[in-house]
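The chain contents come next:
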Amino acid sequence: ARSGLQPPRQLAEAADMISLHALDPAGTYIYVNSRCQELLGYKEHEVIGEPAYSFFHPADMKYINESHKLALAEGHCWSVRYRIRKADHDYRWVETASRLTAKGIACCTRAITDPSDGCPQIINHKVNSTPDQ
């Protein structure tokens, strides 16, 4: 990632895709680690500066938007299962755990093979979180 943000080495080398998003309505990517290419087929520079919402499956927008609004309004941690568009234009089921921080929305995303009931869902949005100072 070349956004000027230098994350700890542990984030850059994490097994999951780690990303940081702006506190804007589009959830613009500020940082993404190299696992993005492994998970979705995009190089880091292809994602940074892009709105996260442009990668989500249209049918899953309701759940993602609801969790995003709750987090911004109330500071909750949350997890969402949804489909995200890969570089080959196919979609992959993923689960993203997110947390509001002082620098943006920090996310940890991993592929899932069994999306439970086969539909997008908010898994947990009631855990209170205090933004980092």
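Predicted, not measured: the structure shown is a model, and the values here were computed from it.

Calculation notes
Residues numbered from 1 in each chain as written. Predicted model: local features only at pLDDT ≥ 70, side-chain atom pairs only at ≥ 80, totals over all residues. Heavy atoms only, no water. 1 Å grid on protein atoms, 1.4 Å probe; cavity = no way out; pocket = protein on both sides within 12 Å on 5 of 7 lines; lining within 4 Å. Points joined across faces, edges and corners; volume = space filled by probe spheres on them. Helix = DSSP H or I, 4+ residues; strand = E, 2+ residues; numbered from the N terminus. Nonpolar A, V, L, I, M, F, W, Y, C, P; charged D, E, K, R; others polar. Phe/Tyr/Trp six-rings, centres within 6.5 Å; stacked < 30°, edge-to-face > 60°. Polar contact = N/O pair within 3.5 Å; in protein donor to acceptor, adjacent residues only side chain to side chain. Salt bridge = Lys/Arg side-chain N within 4 Å of Asp/Glu carboxyl O. Buried < 20%, exposed > 50% of the residue type's maximum accessible area, 1.4 Å probe, protein only. Expected span 1.5 Å × (residues − 1). Arc of directions from axis to C-beta. Contact = heavy atoms within 4.5 Å.

Participant: Describe empty space enclosed by the protein, and please don't skip the residues or the numbers.
Facilitator: Counting across every chain of the model gives one cavity of 30 Å³ or more. By volume, the largest cavity amounts to about 250 Å³. Residue lining of the largest cavity: 19 residues in total, with His-21, Phe-56, Ile-64, Ser-98 and Cys-107 positioned closest to the centre. Those elements that provide at least two residues to the lining of the largest cavity are β1 (17-21), α4 (61-74), β3 (76-85), β4 (91-101) and β5 (104-111). Split by residue class, the lining of the largest cavity holds eleven nonpolar, eight polar and no charged.

Participant: Please set out the packing of aromatic side chains residue by residue, giving values where relevant.
Facilitator: To describe a pair of aromatic rings, one takes the distance between the centres and the angle between the planes. Summed over all chains, the structure comprises four aromatic pairs. Here Tyr-29 and Phe-55 contribute two aromatic rings whose centre-to-centre distance is 5.8 Å and whose plane-to-plane angle is 90°, an arrangement assigned as edge-to-face. Of the two residues, Tyr-29 sits in strand β2 (residues 29-32) while Phe-55 sits in the loop between α3 (44-47) and α4, which places them 26 residues apart along the sequence. Ring plane angle 80° and centroid distance 5.2 Å describe the contact between Phe-56 and Tyr-82, whose orientation is recorded as edge-to-face.

Participant: Can you break down unusual backbone geometry residue by residue, with the values?
Facilitator: In this structure, His-89 takes a positive phi of about 75° despite not being glycine. When you line up the elements, His-89 lands in the loop between β3 and β4.

Participant: Describe the side chain of Asn-33, and please don't skip the residues or the numbers.
Facilitator: The topology assignment puts Asn-33 in the loop between β2 and α2 (35-40). For Asn-33, the side chain forms a polar contact with the main-chain oxygen of Asp-16, separated by 3.1 Å.

Participant: I'd like to hear about the pattern of salt bridges, residue by residue, with values.
Facilitator: For the structure shown, the criterion picks out five salt bridges. A salt bridge links Arg-35 to Glu-38, with the nearest nitrogen and oxygen atoms 3.1 Å apart. Remark: Glu-38 and Arg-35 occur in helix α2; sequence separation between them is three residues, near one turn of the helix. Residue Glu-38 is classed as exposed on the basis of its relative accessible area of 61%. Between Asp-60 and Arg-83 there is a salt bridge, with the nearest N and O atoms lying 2.6 Å from each other. Residue Asp-60 is located in the loop between α3 and α4, and its partner Arg-83 is located in strand β3; the two are separated by 23 residues in the primary sequence.

Participant: How would you explain α4 if you had to name every residue and give the values?
Facilitator: Each α-helix turn comprises 3.6 residues. Residues three or four places apart therefore point the same way. Across its 14 residues, α4 extends 20 Å between first and last C-alpha, which sits within 8% of the 20 Å expected from 1.5 Å per residue. The set of residues buried in α4 consists of Ile-64, Ser-67, His-68 and Ala-71. Seen along its axis, α4 keeps its buried residues to an arc of 100°; they face one direction. The exposed residues of α4 that point more than 90 degrees off its buried face are Lys-62, Lys-69 and Ala-73. Positive backbone phi, at 75°, marks Gly-75, one or two positions downstream of α4.

Participant: Can you break down the environment of Ile-84 residue by residue, with the values?
Facilitator: Mapped onto the secondary structure, Ile-84 falls in strand β3. Accessibility expressed as a relative area gives 1% for Ile-84, which makes it buried. The residues touching Ile-84, leaving out its near neighbours within four places in the chain, are Tyr-29, Leu-40, Phe-55, Phe-56, Asp-90, Tyr-91, Arg-92 and Val-94.

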